[in-house]
Amino acid sequence: MSTSPTTYEFQAEVKQVLDIVIHSLYTDREIFVRELVSNAADALEKMRLTQLTENSVFDAEKPLEITITTDEEAKTLTISDHGIGMTRAELVENLGTIAHSGSKAFVKALKNAGKQADAQLIGQFGVGFYSAFMVSDQVKVYTHSWREDGEHLVWTSDGAGSYSIEESPDQARGSKIVIHLKEDAEEFAKPSRIKQVLGKYSNFVGFPISLNGERVNSVEAVWLKNKDDVTDEQYKEFYKFASKAFDEPRYRLHFQADAPLVINALVFVPSENMETYGMGQMEPGVALYCKKVLIDPHPPKLLPDWMRFLRGVIDSEDLPLNISRESMQDSALVRKLGGVVSKRMLKFLDKEAADDAKKFGEFYAKFSRFFKEGVVTDHENKEAIAKLLRFESSLTEKGETIGLADYVARMKEEQKEIYYQTAPSRAAIEAGPYLEGFKSKGLEVLFLYEPIDEYVVNALYAFDGKTLVAVNSEKVDLGDAADAEGVSLSEDDTTKLCDWLKEALGGRVESVKAGKRLVGSPALVLTPEGELNPQMRQMMRALQKDEGGGAPKVILEINPKHILIRDLAAARESSAEAAQLVAEQMLDNALLSAGLLDDPQLLIGRTQKIMERLLARK
Ligand code: ADP
Ligand code: MG
């Protein structure tokens, strides 16, 4: 007694969408499975909520499940659910028209993007259903609404201009989508292929999914559970599953937030830094989910780039069910989500560092590069990241580190700046002349061993309002040396010696001055403001091979109390030739200490001459 089918024309915009989806987006066709499964899950969730308040529901005893079957012979894929189903009017409205304004934007975006459009877009604009037509020449939707007075119906279309709706006796509550596959899409009738796609996108869907009678989604969406209901073992298992990792997670941050966005996040810090194993830059590892359905496993703009070592899931169901997923994937929203999570993460790490400095130190030793990159590239979080930096210092033991906050906390009362020295090693710093002045005044100096540190302090500029200053900067003013003992050259003799040195050293020094910061060394060189620091300069040299950009511009600072300086002042009149040798050697020694001596060959020749003179005098 079924009546003849009624034929309907698609709304004009649907035609456009269909045309573009079918003809322009032939990569990543597999996502149609995700879209149809998501729709089934949405329909089941709506049913679950409806059942809470409605007494009379059609087929009330049907389980809330998704059943998928493949038929290689018939070349079909069938996805069924016992969700809310659709009435005739709903079929027309939901599958025959585009109701959401976002979908109009989709049409425009696709048109502009042309053939480079990414199939990911489909899910982003709530036109997921139509993706079935990428692989299908005929789609049938059998359905019965949850309403007792609904009809048993089947909607049929070939994805061209029109669709029909006719009666279909005995259809159970929910929807059954039968996809007849195009010749070039027959792979999707293979259970192994469908299993693979389901494993990729639909592992955590909250309703049971079976494929040809076998349950496929077994992993729980632990991020949606309450912290107290998840064991350490479950967390570890999930970490290994979700990030395909072999190591154990070092930290985990699991939190739920309701404002400003609804967020369920479970983010892990791994034990091992995969980038150190020569595997190149990692992809971002915190996946974006919406109501347990994967949106993007490696979302590039979700978290700041330097946080790419993190693993886990951010899930947001910020919007009510009846709104399509489009707005959730809107990029401003994604950025906001990422902003909230990255700030939480930084706070979390700061607290972990305070609670267990040793554990944090071990982690930091392997991952410091990321934090340094963060200070340079992530302006919004710069200060928070800087809090997590760790350095050795003149007051720590070798291997022991402190943070900038520790440094500031123990700064001297009158101290206004944070001092640091960049050099390849602790030994190099301790053997050099710079530290002594700071030591004698009890000022702490941070030791920075990596070339990248130079960029970090430049980018950071200040911490907690205190400027970071290099010990070899001309700006440093330590006032009078603490122990003012020892005979000093007179002021007049010092000035004369400085003038002579400037003359004797020709273009090699920008200026010569007497300093108060030296205690045990005769001289050191300072980097004038605006000049490259030694480490930067070395890096530039390494990059440009032998083009060093000429000799470095330095200021020579001498110690008028040092015996060598006093003797030199006397010798420049009595023994001009020896004085010249000593002046040059002294400069080279200072340059060597500063890591600024480009060609040690000259130094060897001169040392030879000095040795000869020494023995000849005997
Ligand atoms: P979206 O899911 O983003 O709303 P779709 O194009 O995927 O967009 O689906 C359009 C609409 O069709 C859905 O909003 C829903 O109302 C309806 N629909 C699709 N699949 C089903 C289903 N299995 N059961 C009930 N309704 C469905
Ligand atoms: Mg959908």
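As a reminder, the structure under discussion sits directly above these lines.
Residues numbered from 1 in each chain as written. Chains lettered and ligands numbered in written order. Predicted model: local features only at pLDDT ≥ 70, side-chain atom pairs only at ≥ 80, totals over all residues. Heavy atoms only, no water.

Student: How should unusual backbone geometry be read in this particular structure?
Tutor: Cis peptide bonds are those with omega within 30 degrees of zero, and the linkage from Ala259 to Pro260 qualifies with 0°. Assignment of secondary structure puts Pro260 in the loop between strand E10 (249–257) and strand E11 (263–270). The backbone of Lys75 sits at a positive phi, close to 55°, despite the residue not being glycine. Overall, the relative accessible area of 30% leaves Lys75 in the partly exposed class. Here Asp170, not a glycine, exhibits a phi torsion of approximately 75°, which is positive. By the secondary structure assignment, Asp170 is in the loop between strand E6 (162–167) and strand E7 (174–181). (Helix = DSSP H or I, 4+ residues; strand = E, 2+ residues; numbered from the N terminus. Buried < 20%, exposed > 50% of the residue type's maximum accessible area, 1.4 Å probe, protein only.)

Student: Looking at this structure, I do not really get the nonpolar core. What am I missing?
Tutor: Note that soluble globular proteins tend to have their nonpolar side chains buried in a common cluster. In this structure, Phe371, Leu501 and Leu556 are the most contacted members of the largest nonpolar core, which totals 102 residues. Here this core gets nine residues from one element, more than from any other, and that element is helix H9 (residues 331–355). In this structure Phe371 touches Trp306, Phe309, Leu349, Phe363, Tyr364, Ile385, Leu388 and Leu389, once residues within four positions along its chain are discounted. Counting residues in each nonpolar core, the second largest holds 72 residues, with Val21, Ala40, Tyr130 and Leu266 among its members. (Core = buried A, V, L, I, M, F, W, Y, C linked by side-chain atoms within 4.5 Å. Contact = heavy atoms within 4.5 Å.)

Student: Teacher, can you tell me more about the environment of Ser4 here?
Tutor: Tracing the chain through its elements places Ser4 in the segment before strand E1 (6–9). According to the relative accessible area criterion, Ser4 is exposed, its value standing at 58%. In the structure, Ser4 is positioned 160 residues away from Ser164 in sequence and 9.8 Å away in space, judged by C-alpha atoms.

Student: Would you take a moment to explain the packing of aromatic side chains for this structure?
Tutor: By convention here, two paired aromatic rings are described through the distance between centres and the angle between planes. Using the criterion set out here, one finds 30 aromatic pairs in the structure. On the numbers, 6.5 Å between centres and 55° between planes, the contact of Phe447 with Tyr449 is tilted. Among the residues examined, Phe447 registers a relative accessible area of 1% and is labelled buried. Here the basic side chain of Lys176 rests over the ring of Tyr142, its NZ or CZ set 4.8 Å away from the ring centre. Just above the ring of Phe255 sits the side chain of Arg344; from NZ or CZ to the centre is 4.0 Å. (Phe/Tyr/Trp six-rings, centres within 6.5 Å; stacked < 30°, edge-to-face > 60°. Lys NZ or Arg CZ within 6 Å of the ring centre and 35° of its normal.)

Student: Hey, could you run me through the pattern of salt bridges in this one?
Tutor: Pairing is possible between side chains that carry opposite charge, provided their charged atoms lie close to one another. In total, this model carries 34 salt bridges according to the counting rule given. Asp232 is the salt-bridge partner of Arg252, the closest N and O atoms lying 3.1 Å from each other. Placement of the pair is Arg252 in strand E10 and Asp232 in helix H7 (residues 232–243), with a sequence separation of 20 residues. The partly exposed category is assigned to Arg252, whose relative accessible area is 34%. The exposure class of Asp232 is partly exposed, given its relative accessible area of 46%. Among the ionic pairs, Lys236 bridges to Glu248, the shortest N-O distance being 3.3 Å. One end of the pair, Lys236, is in helix H7; the other, Glu248, is in the loop between H7 and E10, and twelve residues separate them in sequence. (Salt bridge = Lys/Arg side-chain N within 4 Å of Asp/Glu carboxyl O.)

Student: Explain the pairing of strand E3 (residues 76–81) to me, please; I cannot follow it from the model alone.
Tutor: Both faces of the sheet carry side chains from a regular strand, because those side chains alternate between them. The buried fraction of E3 amounts to six of the six residues, a majority that puts the element mostly inside the structure. Going residue by residue along E3, you find Thr76, Thr78 and Ser80 tucked away on one face and Leu77, Ile79 and Asp81 tucked away on the opposite face as well. Where strand E2 (residues 66–71) folds back onto E3 in an antiparallel hairpin, the turn is made up of four residues, including Lys75, whose phi is positive at roughly 55°. Pairing of E3 with E7 involves six bridges; the strand directions are antiparallel. The partner of Thr78 across the bridge, within E7, is Val178. (Pairing = 2+ DSSP bridges.)

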